[in-house]
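Given next are the chains, with one letter for each unit.
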Amino acid sequence: MLIAVDHIQLAAPPGSEDQLRRYYGEVLGMAEIPKPPALAVRGGCWFQAGPVQLHLGIEADFRPAKKAHPGLRVTGIEGYAAHLKEHGAQVVWDDNLPGHKRFYSEDPVGNRLEFLEPVQ
């Protein structure tokens, strides 16, 4: 029986770890968590905020997906969007999901991210 999503894995190009740490750690406010030693030698980095984990793995021929993305639930979405804009991230609002406010953005290597908050 499936009970939860354990983590989401996104890909990134070789040598992008510093950019990813700045974005996911400093901009999104996630904590970097250690990778197991056997996996750390492959590069990349892992992040966590509450129960949400994002794993960024290195892919030699990386190309960001155009449509695929994680949907990340946030609180205070307008303030969160403003925070991303202050750090140079693009914010594209989308009102096509009933009962939610949401926007799309991209991480520094082009991975698409959806941020959403249910409307009361």
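Residues numbered from 1 in each chain as written. Predicted model: local features only at pLDDT ≥ 70, side-chain atom pairs only at ≥ 80, totals over all residues. Heavy atoms only, no water.

**Q** How should I be thinking about the environment of Val-91 in this particular structure?
**A** Here Val-91 is to be found in the loop between helix 3 (77–86) and strand 6 (92–94). Using a relative accessible area of 14% as the deciding quantity, one classes Val-91 as buried. Distance from Val-91 to Glu-106, taken between C-alpha atoms, is 8.3 Å for residues 15 residues apart in sequence. Ignoring any residue separated from it by four or fewer positions in sequence, one finds Val-91 in contact with Ala-81, Leu-84, Lys-85, Phe-103 and Tyr-104. (Helix = DSSP H or I, 4+ residues; strand = E, 2+ residues; numbered from the N terminus. Buried < 20%, exposed > 50% of the residue type's maximum accessible area, 1.4 Å probe, protein only. Contact = heavy atoms within 4.5 Å.)

**Q** Hey, could you run me through the sheet that holds strand 5 (residues 71–73) in this one?
**A** Hydrogen bonds between backbone groups are what pair the strands of a sheet, and the pairing can be parallel or antiparallel. In space, the four strands of this open sheet follow the order 5-8-7-6, with mixed pairing throughout. Of all the strands in the sheet, just strand 5 and strand 6 have a single pairing partner and so form its edges. Strand-to-strand, the axes of this sheet are offset by a mean angle of 30 degrees, without reference to chain direction. Each of strand 6, strand 7 (100–106) and strand 8 (112–118) is contacted by helix 3, which is oriented at about 15 degrees to strand 7, the strand it contacts most. (Pairing = 2+ DSSP bridges. Axes fitted to C-alpha atoms, helices over the stretch in contact; angles between N-to-C directions.)

**Q** In this structure, what is going on with the sheet that holds strand 4 (residues 52–58)? I would like to understand it.
**A** Here we have four strands laid out as an open sheet, ordered 1-4-3-2, and mixed in their pairing. Every interior strand has two partners, whereas the edge strands, strand 1 (8–12) and strand 2 (31–33), have only one. The sheet shows a mean angle of 30 degrees between the axes of neighbouring strands, direction not considered. Taken together, the five bridges between strand 1 and strand 4 define a ladder with parallel strand orientation.

**Q** Just checking my understanding: could you explain the packing of aromatic side chains for this structure?
**A** To describe a pair of aromatic rings, one takes the distance between the centres and the angle between the planes. The full count for this structure, using the stated rule, is five aromatic pairs. Aromatic pair Phe-103 and Phe-115: ring centres 5.0 Å apart, planes at 25 degrees, arrangement stacked. In this pair, Phe-103 is assigned in strand 7 and Phe-115 in strand 8, connecting sequence segments 12 residues apart. Pair check on accessibility: Phe-103 and Phe-115 agree, each one buried. Following the ring pairs from residue to residue traces out a cluster consisting of Tyr-80, Trp-93, Phe-103 and Phe-115. Of note, Arg-112 hangs over the ring of Tyr-104, and the distance from its end group to the ring centre comes to 4.0 Å. (Phe/Tyr/Trp six-rings, centres within 6.5 Å; stacked < 30°, edge-to-face > 60°. Lys NZ or Arg CZ within 6 Å of the ring centre and 35° of its normal.)

**Q** Explain the nonpolar core here, please?
**A** What tends to happen in soluble globular proteins is that the nonpolar side chains get buried as a cluster. Tyr-23, Tyr-24, Leu-28, Leu-84, Phe-103 and Phe-115 are the most contacted members of the largest nonpolar core, which totals 26 residues. Among the secondary structure elements, those contributing two or more residues to this core are strand 1, helix 1 (17–27), strand 3 (45–49), strand 4, helix 3 and strand 8. Excluding anything up to four places from it in sequence, Phe-103 contacts Ile-77, Tyr-80, Ala-81, Leu-84, Val-91, Val-92, Trp-93, Asp-94, Leu-113, Glu-114 and Phe-115. (Core = buried A, V, L, I, M, F, W, Y, C linked by side-chain atoms within 4.5 Å.)

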